[in-house]
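Below are the chains, spelled out letter by letter.
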Amino acid sequence: MNLSTDHLAIRTTCAYCGVGCGVQATPKDDGTFAIAGDKQHPANKGRLCVKGSTLGETVGLEGRLLYPQVREADGLRRVSWDAALDKVAGEWRRIIAEHGPDAVALYVSGQLLTEDYYVANKLMKGYIGSANIDTNSRLCMSSAVAGYKRAFGEDLVPVCYDDLELADMIVLVGSNTAWCHPILFQRILKAKEARPEMKLVVIDPRRTATCELADLHLPVKAGTDVWLFNGLLNYLSRIGAVDPRFIEQHTNGFQAALDVAHADCADLAVVAKICRVELSLLLEFYELFAATHKTITAYSMGVNQSSAGTDKANAIINCHLIGGRLGKPGMGPFSITGQPNAMGGREVGGLANMLAAHMDLERAEHRDVVQTFWESPAMADKGGLKAVDLFQAIEEGKVKSVWVIATNPVVSMPDADQVRRALDKCELVVTSDIMQDTDTTAYADVLLPALGWGEKDGTVTNSERRISRQRAFLSAPGEALPDWKILSLFAQRMGYTGFDFGGQHGVFDEHARLSGFRNAAADVPRAFDMSGLAGLQQSDYDALEPTQWPVRRTASGELQTEVRLFKDGVFAHADGKARFIATAPRLPRNAVSEEYPLSLNTGRVRDQWHTMTRTGKSATLADHIAESFVDMHPQDALLSGVKEGELARVTSEWGAMVARVQHGGGIPRGSVFIPIHWSGQTASDARVGAVVNPVVDPVSGEPEFKHTPVRVEQFRVNWHGFILSRDALNLDSIAHWTRIQGREFARYELAGRNTIKDHAGWSRALLGVGDPDADWLEYEDKTAGVYRAVHVVNDRIEQCIFMSPRQDMPSRAWLASLFAKEQLSEIDRIGLLVGMPVEKGADTGPTVCSCFGVGRNTICNAIIEKDLKTVAEVTACLKAGGNCGSCVPEIKKILVQTRVEAEEVRL
Ligand code: SF4
């Protein structure tokens, strides 16, 4: 009999991207939790992508920071919370007394819950009296915020997810939605399946997985989006695809914006040339846009992470304003946020240039509202240091202490080696984190253990302004505390009142009340208003259903929300009108040169998140892409003297890193793409942040992650190899390594420069196998320099090492499968000695579908043997692509390639 355990399920939200999917965690008999999508959550309606589905694999306590620690001359020492917080409070009091409040800073994160964020912001801006609090959201969506504020008068996302299904055309700009916001992409695809006439246009320099299912792909040159959208504005005006009534009654600045667009972008042939797209494609897009009223333009990092990011956002918004394409179902400019609570951070003023509840630091009446509400002693009255400036000020000695919360700037910031130098020089570095060892905690003087996903409790807000509860279902490990609590305890030690919150519910209530405080037309009106959620009882807060803001209470006490904004054409500027912004196009600040001839673009891969401190724990997620890579056009590889599969050094004026060369990522000539995820914990030398230029957008301060001039050259090594080991290994002596989480083992990809005379002795020493009688199977071809050895304990594989001067080595997927066996068979042992599986089908190949663990070889074989012709047939046969759907574009590509290759063989 199957008893439903749904009634035991705890409803929470995913820890990763800004889609903000609802998750159900259901206890299992073995004490762990089953993770599934929450069918009642409006964002995902029960679906999860592979990152969300594998959240359960990331909640183990391996590597967790469990106790407060203070660094002393001989290393870290465990201390009590009192001792740790006393130390920080004592130092901050001294520094503030000697150098003023701007000599300290908080650097926080879009991973925080809104309650954490609220307390951090209140502490810094209202009590320390400095706006030196910035967030890693600066790195992903501050240009979108600035764009909305300039156009609408407040940071307001006008649309909702349902609009994606109601639109007749969706334009995705600078967004690999299939990989980075997979559930939204699935919603778009389902809508397109139901209404095939709905158009999907992708604007991206790369031909990403998102393009595989698009009707039109415009591979614009990186950094030329303003030309593209100014050209569109001009075109729409010229052909009369405008809404003069809307422009007249609801906007300002049209003529100035049009004049600027006309100056550079009147000639479509010129626009096409600058954007490096065919004129026919450009015209096709312009004609589609002009003909389709219900259009959503959704954009993310490809727009935001640019030295012209804010102008790009406004150039897009201008094209919606000209035809009145917003405020109604199925239309509007839609910034899709990267992090789970970037939006919550925006609500509480988590950015250095914002005040709480969507108010502005520069406006005296806004400061007055906030200070009156907080009854705070020392209100900041000017913007603080934005992320890049902050770490430069730390290196210059202007900021003496920084407290880094839930983020890893030594990996994620541009010019990341500068961040290392800054933290190294900083008088007092404090980190609040869930992990003991990160590239940033290595520089911490005080380490404070925070709660992680599954343990903490509060709210997050997703890209469509929907507030959802994140609920704890795991108990707090060690002495870890919620971030709001750590900050409140610290504030009390600093002598501040106003931080005696009884729990996260009290923080939320204060946040909701502030949003409604003096928020009236006759006082200081703001569109951001969640006063309808003020005064909730604890039980109502605990049971809060996902709710979009604005949310107010009617006179009769009913909650009233707005799913989409501006339906009455009234905007948040004082005159109630939206602004067209004149956006003169400009290229990225640093041009490519003879020394650095290629443009580096950075971004995410499908199955990893940020710096892998959590997703790196999941063997399922590691299966898809194991190592960092530099994706480049074959002709650029040829000119750079590197080959696919080999390691290459990528160097810019700011730093260098090493990654494996690959083709096939749809990269145009002149560009390379490198993922952002690998850190000093997961690879010897793969931090792409060290290479990225620290150029920022002048309005938003967002760094230009999508363009850095670089050169690529061979990373010379004498041998290649890999190890699978049940025990962790120290490989610091090896020229290049990457560590990959496997099931019950870690895999290490290696490349060395040393000459090894005695392979057996060297390998035994590296793997720690000192016993001469150990069960050690080995094969060596001394002439060819090929060596492989397997250490077996009680008939179970314990470790294996494979080395060769060439890259072509055995399948890791096959070897990984042997670690799942309690006992090796004779056939397995023979396979290990000959270096390949003996049984047919034993090598499934690299994982394509992470949800069902289906490898590339399995898919290719099925396509040939069963004559599969469509993705649906592959899914029916192997399940691959049948869950989250993130791999559907990849399966489609494999299908085409495999069938073409098979046809060529047949001919
Ligand atoms: S799309 Fe995936 S990563 Fe994003 S919130 Fe949903 S489950 Fe999490």
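Predicted model only: the values in this text are computed from it and were never measured.

What counts, and where the lines are drawn
- Residues numbered from 1 in each chain as written.
- Predicted model: local features only at pLDDT ≥ 70, side-chain atom pairs only at ≥ 80, totals over all residues.
- Heavy atoms only, no water.
- Helix = DSSP H or I, 4+ residues; strand = E, 2+ residues; numbered from the N terminus.
- Buried < 20%, exposed > 50% of the residue type's maximum accessible area, 1.4 Å probe, protein only.
- Contact = heavy atoms within 4.5 Å.
- Areas by Shrake-Rupley, 256 points an atom, 1.4 Å probe, with all protein chains shown as cover.
- Salt bridge = Lys/Arg side-chain N within 4 Å of Asp/Glu carboxyl O.
- Near = heavy atom within 4 Å.
- Nonpolar A, V, L, I, M, F, W, Y, C, P; charged D, E, K, R; others polar.
- Pairing = 2+ DSSP bridges.
- Axes fitted to C-alpha atoms, helices over the stretch in contact; angles between N-to-C directions.
- Lys, Arg positive; Asp, Glu negative; His and termini not counted.
- Polar contact = N/O pair within 3.5 Å; in protein donor to acceptor, adjacent residues only side chain to side chain.
- Expected span 1.5 Å × (residues − 1).
- UniProt positions renumbered as here; feature names shortened; annotations may be inferred.
- Phe/Tyr/Trp six-rings, centres within 6.5 Å; stacked < 30°, edge-to-face > 60°.

Novice: Looking at this structure, how should I read the overall build of the chain?
Specialist: Within the chain one finds 30 helices and 36 strands. When its C-alpha atoms are laid out on the principal axes, the chain stretches across 85 × 70 × 70 Å. Taking all 907 residues of the chain together, 61% fall into the buried category. Once local pairs closer than 6 in sequence are excluded, the contacts in the chain between residues at least 24 apart make up 71%. If you sum the accessible surface of the chain, you get close to 32,800 Å²; carbon and sulfur atoms cover 50% of it.

Novice: Would you mind showing me how to read the pattern of salt bridges here?
Specialist: Pairs can form between side chains of opposite charge whenever their charged atoms are close. Inspection of the entire model under this criterion finds 58 salt bridges. Asp439 is the salt-bridge partner of Arg687, the closest N and O atoms lying 3.9 Å from each other. Of this pair, Arg687 sits in the loop between strand S27 (671-675) and strand S28 (708-714) while Asp439 sits in the loop between strand S15 (428-433) and strand S16 (446-449), and the two are 248 residues apart along the sequence. Here Arg687 matches Asp439 in class, with each residue buried. Residue Arg579 is joined to Asp575 by a salt bridge in which the shortest nitrogen-to-oxygen separation is 3.5 Å. Judged by its relative accessible area of 28%, Arg579 falls in the partly exposed class. By sharing partners, the salt bridges in this structure join Glu91, Arg94, Glu98 and Glu427 into a single network.

Novice: What should I look at first to understand the environment of Val277 in this one?
Specialist: On the secondary structure map, Val277 appears in the loop between helix H11 (268-275) and helix H12 (279-291). A C-alpha to C-alpha distance of 9.9 Å links Val277 and Leu228, two positions 49 residues apart in sequence. Not counting chain neighbours up to four residues away, the residues in contact with Val277 comprise Leu218, Pro219, Val220, Ala272 and Leu282.

Novice: Looking at this structure, I do not really get the site of the ligand. What am I missing?
Specialist: All residues in the neighbourhood of the ligand are listed as Cys14, Tyr16, Cys17, Val19, Gly20, Cys21, Leu48, Cys49, Lys51, Gly52, Pro182 and Ile183. Where the shell around the ligand is concerned, the elements lending two or more residues are helix H1 (50-53) and helix H7 (182-194). Considered class by class, the residues forming the shell around the ligand number nine nonpolar, two polar and one charged.

Novice: Looking at this model, I keep getting lost on the sheet that holds strand S5 (residues 75-78). Mind explaining?
Specialist: Strand pairing in a sheet takes place through backbone hydrogen bonds and is either antiparallel or parallel in direction. Taken together, the seven strands give an open sheet; going across it, the order is S5-S4-S16-S15-S14-S6-S7, and neighbouring strands pair in mixed fashion. The sheet is open, and its two borders are formed by S5 and strand S7 (133-135), each paired with just one other strand. Here the average twist between neighbouring strands, direction ignored, is 20°. Strand direction decides the pairing type here: S15 and S16, joined by four bridges, are parallel.

Novice: Hey, could you run me through the side chain of Lys617 in this one?
Specialist: Mapping Lys617 onto the fold places it in the loop between strand S23 (598-603) and helix H23 (619-622). The buried charged residue Lys617 lacks any salt bridge, with Glu62 as its nearest oppositely charged partner at 4.1 Å. Within polar-contact distance, the side chain of Lys617 engages the backbone oxygen of Gly60 at 2.8 Å. Ignoring any residue separated from it by four or fewer positions in sequence, one finds Lys617 in contact with Glu57, Thr58, Gly60, Leu61, Glu62, Arg64, Met435, Met612 and Gln741.

Novice: How should helix H14 (residues 309-321) be read in this particular structure?
Specialist: One turn of an α-helix holds 3.6 residues; hence residues three or four places apart share an orientation. The terminal C-alpha atoms of H14, which comprises 13 residues, lie 19 Å apart, in line with the 18 Å expected from a rise of 1.5 Å per residue. By the criterion of burial, H14 is predominantly enclosed, with 13 of the 13 residues buried.

Novice: What exactly am I supposed to notice about the UniProt feature "domain: 4Fe-4S Mo/W bis-MGD-type" (unreviewed entry) in the chain here?
Specialist: Here, the residues flagged by UniProt with the feature "domain: 4Fe-4S Mo/W bis-MGD-type" (unreviewed entry) are residues 7-63. Within the segment residues 7-63, helix and strand shares are 7% and 26% respectively, and the terminal C-alpha atoms sit 32 Å apart.

Novice: In this structure, what is going on with helix H2 (residues 81-99)? I would like to understand it.
Specialist: Here H2 spans 26 Å end to end across 19 residues, near enough to the 27 Å set by a 1.5 Å rise per residue. Each element contacted by the buried residues of H2 is listed here: strand S6 (104-108), helix H3 (114-128), strand S14 (401-405), S15, S16 and helix H20 (483-493).

Novice: Help me out: how do you make sense of the sheet that holds strand S31 (residues 746-752) in this one?
Specialist: Strand order in the open sheet made by the six strands is S30-S31-S29-S34-S33-S32, with antiparallel pairing throughout. Unpaired on one side and paired on the other, strand S30 (736-741) and strand S32 (775-781) mark the two borders of the sheet. Averaged over all neighbouring strand pairs, the angle between strand axes comes to 10°, with direction disregarded. Note: strand S29 (residues 719-725) against strand S34 (residues 796-804), six bridges, orientation antiparallel. Within S34, the residue paired with Ser725 across the bridge is Gln799. On top of the sheet, helix H25 (residues 759-767) reaches S29, S32, strand S33 (786-793) and S34; it is set at about 130° to S34, its chief contact.

Novice: In this structure, what is going on with the environment of Ala36? I would like to understand it.
Specialist: Structurally, the position occupied by Ala36 is in strand S3 (residues 33-37). Along the sequence, Ala36 and Asp215 sit 179 residues apart, while their C-alpha atoms lie 32 Å from each other. Discounting chain neighbours no more than four positions away, the residues touching Ala36 are Gly22, Val23, Gln24 and Leu48.

Novice: Help me out: how do you make sense of the packing of aromatic side chains in this one?
Specialist: Aromatic ring pairs are described here by two measures, namely the spacing of the ring centres and the angle between the planes. All chains considered together, the criterion is met by 29 aromatic pairs. With a centroid separation of 5.2 Å and an interplanar angle of 85°, the aromatic rings of Tyr107 and Phe391 are classed as edge-to-face. Here the residue Tyr107 occupies a position in strand S6, and Phe391 occupies one in helix H17 (residues 387-395), the gap between them amounting to 284 residues. Across the pair, Phe391 and Tyr107 agree in class, each one buried.

Novice: Help me out: how do you make sense of the pairing of S30 in this one?
Specialist: Taken residue by residue, a regular strand's side chains alternate between the two faces of the sheet. Pairing of S30 with S31 involves six bridges; the strand directions are antiparallel. Paired with Thr738 across the strands is Glu749, a residue of S31. Remark: four residues form the turn of the hairpin made by S30 and S31, two consecutive strands paired antiparallel; Glu744 in that turn has positive phi of roughly 70°.

Novice: What is the right way to look at the pairing of strand S18 (residues 466-470) in this model?
Specialist: The buried count for S18 comes to five of five residues, which makes it a mostly enclosed element. Neither face of S18 is exposed, since Arg466, Ser468 and Gln470 on one face and Ile467 and Arg469 on the opposite face are all buried. Bridge count for strand S17 (residues 458-461) against S18 is four bridges, and the pairing is antiparallel. Along S18, the bridge assignment pairs Val460 with Ser468. Between the antiparallel neighbours S17 and S18 lie four residues, among them Arg465 with a positive phi of about 65°. With two bridges joining them, S18 and strand S19 (residues 547-548) adopt antiparallel strand pairing. If you follow Ile467 over to S19, its bridge partner there is Thr547.

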